[in-house]
Amino acid sequence: LAKTTQPISMDSYEGQEVNITCSHNNIATNDYITWYQQFPSQGPRFIIQGYKTKVTNEVASLFIPADRKSSTLSLPRVSLSDTAVYYCLVGDRDTGFQKLVFGTGTRLLVSP
Amino acid sequence: GAVVSQHPSRVICKSGTSVKIECRSLDFQATTMFWYRQFPKQSLMLMATSNEGSKATYEQGVEKDKFLINHASLTLSTLTVTSAHPEDSSFYICSALIRDRVSEQYFGPGTRLTVT
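Trainee: Help me out: how do you make sense of the overall build of chain A in this one?
Mentor: Looking only at helices and strands, chain A has 0 helices and 9 strands in total. Going from the N terminus to the C terminus, chain A shows its helices and strands as β-β-β-β-β-β-β-β-β. In terms of its C-alpha atoms, chain A occupies a principal-axis envelope of roughly 40 × 30 × 25 Å. Looking at chain A as a whole, 46% of its 112 residues qualify as buried.

Here it is, written out as structure tokens:
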């Protein structure tokens, strides 16, 4: 299982764009990259998933370079409610990401 | 769609007693359900994987006789913490995979267990 490395914490201000980078040097050919958001005392919530290049949805963008050894979650114009822990995970989507291994995550604090 | 519920949301029990936590997929059939444990300020740790109608697979270091998992149907999995002790106090989270569409795990809201 590919291990992921993320910054432990990040600080930002309302209205700014936040980019969180995740390193996954041992990513396998069949692995997809998925990002989850977790608020205190809640279960993780799916944000975005991708395999290569760029993926965008209504809440975030995911940038994946050609070598796929890293990925960057981009949150446009964050608000106070985006304060949460963000987890980057890699796994084989075809097997349902069995045995997800959660790393430390990145604790994002958005200030006024 | 793809909602996973857990019951209870929080429970307090006395040391030595057992407590059961339910995980339900409300609007889909779940081929597989997972149970995680999360201590304060820490990440989620996978405890076990359960498939409907078969025995759960436990991760290394997780006592299967202490954390009993039953996956009786495609929409329900239960975790029973037997003879609970204060060190079992934690946040327990389940997740589920949608049958025929396994691209993502859907997580429940979690259950806060406090053992006194």
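Trainee: Please explain the pairing of strand β7 (residues 70-75) of chain A as it appears in this structure.
Mentor: Remember that side chains alternate between the two faces of the sheet whenever the strand is regular. Residues and elements named next belong to chain A. With 5 of 6 residues buried, β7 lies mostly within the body of the structure. Pairing of strand β2 (residues 18-23) with β7 involves 6 bridges; the strand directions are antiparallel. In the strand pairing of β7, valine 18 is matched with leucine 75. Direction of pairing for strand β6 (residues 61-64) relative to β7: antiparallel, over a ladder of 3 bridges. Each bridged residue has a counterpart across the sheet, and for phenylalanine 63 the counterpart in β7 is threonine 72. Linkage of β6 to β7, two consecutive antiparallel strands, is achieved through a turn of 5 residues, within which arginine 68 is found at a positive phi near 60 degrees.

Trainee: Could you clarify how one ought to interpret the sheet that holds β6(A) in this entry?
Mentor: Working definition: the strands of a sheet are paired by backbone hydrogen bonds and lie parallel or antiparallel to each other. Residue and element names in this part refer to chain A. Taken in spatial order, the 4 strands make up an open sheet running β2-β7-β6-β5, and their pairing is antiparallel. Each end of this open sheet is capped by a strand with a single partner; those strands are β2 and β5 (53-56). Averaged over all neighbouring strand pairs, the angle between strand axes comes to 15 degrees, with direction disregarded.

Trainee: Explain the environment of Met45(B) here, please?
Mentor: Locating Met45(B) in the fold gives a position in strand β5 (residues 45-51). Through-space distance from the C-alpha of Met45(B) to that of Leu79(B) is 15 Å; in sequence the pair is 34 residues apart.

Trainee: How do you make sense of the interface of chain B and chain A when you look at a structure like this?
Mentor: Where interface size is quoted, it is often the accessible area lost as the parts come together. In this complex, chain B contributes 22 residues to the contact, which on the side of chain A involves 20 residues. On inspection of chain B and its partner chain A, the count reaches 0 salt bridges. Scanning the region where chain B abuts chain A turns up 7 residue pairs in polar contact (both at pLDDT 80 or more). Among the elements of the structure, β4 (30-38), β5, β9 (90-98) and β10 (101-107) of chain B are those that each provide at least two residues to the side of chain B that touches chain A. Looking at the side of chain B that touches chain A, its residues break down into 10 nonpolar, 8 polar and 4 charged.

Trainee: What should I look at first to understand the state of the cysteines in this one?
Mentor: Covalent bonding between the sulfur atoms of two cysteines defines a disulfide. Residue and element names in this part refer to chain B. Considering all chains together, one arrives at 2 disulfides over all chains under this definition. Two residues, cysteine 23 and cysteine 94, share a disulfide whose sulfurs are 2.0 Å apart. Judged by the sign of its S-S torsion, about 80 degrees, the cystine formed by cysteine 23 and cysteine 94 is right-handed. Of this pair, cysteine 23 sits in strand β3 (residues 19-25) while cysteine 94 sits in strand β9, and the two are 71 residues apart along the sequence.

Trainee: For this particular structure, what's the right way to read the sheet that holds strand β3 (residues 31-38) of chain A?
Mentor: All names here are of chain A. Strand order in the open sheet made by the 5 strands is β1-β9-β8-β3-β4, with mixed pairing throughout. This sheet does not close on itself; its edge strands, each paired only once, are β1 (9-13) and β4 (45-50). Across the sheet, the mean angle from the axis of one strand to that of its neighbour is 25 degrees, orientation sign disregarded. In this structure, β3 lies alongside β4, joined through 5 bridges in antiparallel fashion. Its bridge partner being in β4, isoleucine 33 is matched across the sheet by glycine 50.

Trainee: It is not clear to me how the packing of aromatic side chains should be interpreted in this structure. Could you clarify?
Mentor: How two aromatic rings sit relative to each other is set out by the distance from centre to centre and by the angle between their planes. With the rule as written, the count across this model stands at 10 aromatic pairs over all chains. Judged by centre distance (5.1 Å) and plane angle (55 degrees), the rings of Tyr32(A) and Tyr51(A) are tilted. Here Tyr51(A) lies in the loop between β4 and β5 and Tyr32(A) lies in strand β3, a separation of 19 residues in the sequence. A centroid spacing of 5.2 Å and a plane angle of 80 degrees characterise the contact between Tyr36(A) and Phe107(B), whose relative ring orientation is edge-to-face. You can see Tyr36(A) sitting in strand β3 and its partner Phe107(B) sitting in strand β10, one on each of two chains.

Conventions adopted
Residues numbered from 1 in each chain as written. Chains lettered and ligands numbered in written order. Predicted model: local features only at pLDDT ≥ 70, side-chain atom pairs only at ≥ 80, totals over all residues. Heavy atoms only, no water. Helix = DSSP H or I, 4+ residues; strand = E, 2+ residues; numbered from the N terminus. Buried < 20%, exposed > 50% of the residue type's maximum accessible area, 1.4 Å probe, protein only. Pairing = 2+ DSSP bridges. Axes fitted to C-alpha atoms, helices over the stretch in contact; angles between N-to-C directions. Contact = heavy atoms within 4.5 Å. Salt bridge = Lys/Arg side-chain N within 4 Å of Asp/Glu carboxyl O. Polar contact = N/O pair within 3.5 Å; in protein donor to acceptor, adjacent residues only side chain to side chain. Nonpolar A, V, L, I, M, F, W, Y, C, P; charged D, E, K, R; others polar. Disulfide = S-S within 2.5 Å. Phe/Tyr/Trp six-rings, centres within 6.5 Å; stacked < 30°, edge-to-face > 60°.

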